[in-house]
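Examining the three-dimensional arrangement
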Amino acid sequence: MNGQRHLVELQELTRRYDDHLALDKVSLRIRQGEFFSILGPSGCGKSTLLRLIAGLDWPDAGSLLIDGRDMRGVPPYRRPCNMVFQNYAIFPHLNVRDNVGYGLRKFGLSATEKRERIEAMLLAVRLGGLGDRKPGQLSGGQRQRVALARALVRQPRVLLLDEPLGALDKSLREAMQVELRELQQSVGITFVFVTHDQEEALSMSDRIAVMSDGRILQIASPVDLYERPNCPTVAKFIGDMNFFGGVTEGITASGGALVQVDGMGAVEFDGRLENEKPGLSHQVAIRPEKLRVTGERTDAAICVRGKVVSSSYWGDQSQIQVSIDGCATPLTVSAHNVDPAGAEHLVRGADVYLSVNRSGLLRFCEEEIAHGRV
Amino acid sequence: MTARRGRRLRQVFSSGYLVYLYLPIVILPIFSFNDSFYISFPLQAFTTRWYEELASDPSIIAALASSLQIAAATALISTFFGVLTARALTRYRLRYQKSMLAAIMLPIVIPELILGVSLLVALNQVGLGLGKWAVVAGHTLICFPFAVAILLSRFEGFDLALEEASLDLGESPWQTFWRVVFPLALPGIVASVLLTFTISFDEFLIAFFLSASEPTLPVYLWGQLRFPKKLPSALALGSLIIVASFIVVTIAELMRRRRTGWGTK
C-alpha cells in the first residue's frame, strides 16, 4: 500500500474574515487512504479549513495541494474532492436516486451504466429500494446516507465530511460511526472528517489534528493525542485532566529531572522539558483514570493520602473528587467499579489513598499554557 | 354573553363588507345577460347577444390582442429582472441594501397618474414614440416591485448549501442555477408572472396616456362608455375580464403557497 503518500497538503494556509483570523498559517499533510479528523471547539476554524479544501472558500495566503496539484484558481467543480455537508444539503426537488446521480452528469455514462452505479451505491449505504423516495420522506440517518452516497458515487480522491453525525441522536450516531469507519476502509477513499466531538474523533480516526483559534495545536494518532498531549489545551480538550504545580529541583545523572510536585513530594521523571533547569516551575498533569483509589497504602511509585470530597456513581464507574494536602483543588478520579461493593466505601469524608505510576504523569511548560489557552 | 355579541358584531361587519365589496362586481355579469340597453331593474329577458356582439367586433379583438401582448411582455420582463434583483438581494450582502430595496419599491406608492404623465413627456422627448412598447415600459415600471416582492419571499431562506453542494458535485454556477435554483424558485417565478400579467392587463391610467392608436382593453372599454348602445357589450367584456383575472390570481396564489418540501434542516 502506498500509505505514506501525501494526498492533501496545506502550507501556511491563512484565511481572514474582516478582523477575525479564521485560519492562521495552518500547515498539514493528509496521507492517501487515511481517516483524518480535524477536532476543535466551534469557531476554531475547522469548517473553514474544510471549505478551503473543497474550494468553496478561498485562502488569503498559503497554498493547497491535492494529489500534488496546486489548487489555486481551481473552482470547486473541478476539484477531486466531494463534501458531505453539515445539514446534508440534499436537493429537495429531487428523489433519492436523482440526488445520488446528480454529480454523474459529466461522467459520460450511458443511462444503464449510470443507473447501475447509483443502485450499487444505494446498496452500499443501505438505501436499497428507497431510490424513489423524496427527501422529505427520509429520516435523519437516511438523509445522511443520501449525502454520503451522492458524494461517494463520484469516487473522489478525498471525501470531506463536515460534522456529518452532529444532527443524529446518540444511538444512531454511534452506529453511524462504526458504519462510516467500515465504509471508509472498504472504499479506501481518504476521509477528512471535521468534528467537535472528541470521542467520535478518537474512535474513528487514523490521525487527528486538534485546532483552536485558527491554529493547529497537535497532529497525532488517537492514542498519542490522549496519552501524550503536547500542551495543556489539547490535554483538557481531549478527556479530563488534573493539573498540579511542579518545580524542578535538579537534573538527574540519567538526563531526567527531579521535580517537587504539589501534594506528591519529589518525583523523578525520565524526560526533560525544554530549557529545564533547577527552579523552573511548570505544570504536572494526570488523567482521572490513571489514579487508583484504595483504602490501604499501596507500593506504587507515588501514593498519597486523601479525603473523598464528593462522589457520583455512574454504574460502570464512579467519579470521585479527592482532596490531598498541598493541592488547592481536589483531584478528579474515575474508578472502575470492578469490586461490586467497592463504590459503597467511597463516600464523602472517607480516607483513601491515591496511587499512580510515574508513566501516568505528564509535564507541560508554563508558557505553553498561556499560548494554548482556549 | 359579551363574547357572543362580539362574534355577532364581527359577522355583521364582515358580511356587510363582503356585500359592499362584491355586489357591484356581481352587477356586471348580471346585466351582461340582460336583454336591454339600459342598466336598470327590473331585468328583462336572458340573452347572450352582447357576448356575440363582442365576438364580432374587430376593434375589441384588436384591443384584447394588444392587452394580452403587453401583459405577456410586461410579465416576462419584470419577472426576469425580478429574479435577478431578488437573487442579488438575498445572495449577497450588498452595501445600501435597505435603500436599494426602498428605491425598488417606490413605484408602488407613486401615483400612476404622475407616472403616466411623466412617461408621456419623457418618451416624447426622447422620440421613442407611443404605442404598445411604451405601455410595456410603463407597466414594467409598476410591475417590477411586485415581482421583486414575490420573488424575495421565495429566495429568502434559500439554503446556500444547496448551491454549494451542486458546485461541489461538479456543476458550474450556470448549470447550478438551472438544476437547483431555477426549479426551486419556479413556483415563485410562475406566481410573479401571473400577478404581473394581471396588473398589466387591468391597468388603465398609464395605458391611457401611452397607448396612442393601439388601445388596450381597459382603454377601449372606457372609450365605449360614450355610446350607450355599446354599454351592455362593455359589461359582457368586463365580466369576462373579471372571470379571467380571478382564475389567474387564484393560480398565482396557489403557486406561491406551494411548498416543494424543502427544508433540509
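How each quantity is defined
- Residues numbered from 1 in each chain as written.
- Chains lettered and ligands numbered in written order.
- Predicted model: local features only at pLDDT ≥ 70, side-chain atom pairs only at ≥ 80, totals over all residues.
- Pairing = 2+ DSSP bridges.
- Helix = DSSP H or I, 4+ residues; strand = E, 2+ residues; numbered from the N terminus.
- Axes fitted to C-alpha atoms, helices over the stretch in contact; angles between N-to-C directions.
- Contact = placed C-beta atoms within 7 Å.
- Nonpolar A, V, L, I, M, F, W, Y, C, P; charged D, E, K, R; others polar.
- Parallel < 35°, antiparallel > 145°, perpendicular 65-115°, else oblique.
- Left-handed = near helix turned anticlockwise from the far one by under 90°.
- Domains from an automatic or database assignment.

Topic: the sheet that holds strand E16 (residues 302–313) of chain A
All names here are of chain A. With respect to topology, 5 strands assemble into an open sheet ordered E15-E19-E16-E17-E18, the strand pairing being antiparallel. Either end of the sheet is taken by a strand with one partner, and the two such strands are strand E15 (292–294) and strand E18 (331–336). Within the sheet, the average angular offset between the axes of one strand and its neighbour, ignoring direction, is 45°. Relative to strand E17 (residues 317–324), E16 runs antiparallel, the two being bridged by 7 bridges. Bridge assignment links Ser311 to a residue of E17, and that residue is Ile320.

Some thoughts on the interface of chain B and chain A
Contacts between the two partners involve 19 residues from chain B and, on the opposite side, 22 residues from chain A. Mapped onto the side of chain B that touches chain A, the elements with two or more residues apiece are helix H7 (160–168) and helix H8 (173–202) of chain B. Here the side of chain B that touches chain A gets 6 residues from one element, more than from any other, and that element is H7(B). Residues of the side of chain B that touches chain A, tallied by class, amount to 9 nonpolar, 5 polar and 5 charged.

Description of the packing of helix H5 (residues 112–126) of chain B against helix H6 (residues 132–155) of chain B
Residues and elements named next belong to chain B. Interhelical geometry of H5 versus H6 gives an angle of 140° and a closest axis separation of 11 Å. One finds that H5 runs oblique with respect to H6. The chirality of how H5 crosses H6 is right-handed. Here Glu112, Leu115, Gly116, Leu119 and Leu123 of H5 come into contact with H6, specifically with Ala134, Gly138, Leu141 and Ile142. Each residue belonging to the contact of H5 with H6 can be placed in one class, and the counts come to 6 nonpolar, 2 polar and 1 charged.

Side note on the sheet that holds strand E12 (residues 257–261) of chain A
Residues and elements named next belong to chain A. Taken in spatial order, the 5 strands make up an open sheet running E13-E12-E11-E14-E20, and their pairing is antiparallel. The sheet is open, and its two edges are formed by strand E13 (265–269) and strand E20 (361–364), each paired on a single side. If you compare each strand with its neighbour and ignore which way they point, the axes differ by 40° on average.

A closer look at the environment of A:Glu249
Residue and element names in this part refer to chain A. Mapped onto the fold, Glu249 is located in strand E11 (residues 242–251). Sequence separation of Glu249 and Pro278 is 29 residues, and the distance between their C-alpha atoms is 4.8 Å. With residues near it in sequence (within four places) discarded, Glu249 still touches Leu258, Val259, Gln260, Ala266 and Pro278.

Focus on the domain arrangement of chain A
You can read the domains of chain A as domain 1 (6–237) and domain 2 (242–372). Between the C-alpha centres of domain 1 of chain A and domain 2 of chain A the distance comes to 38 Å.

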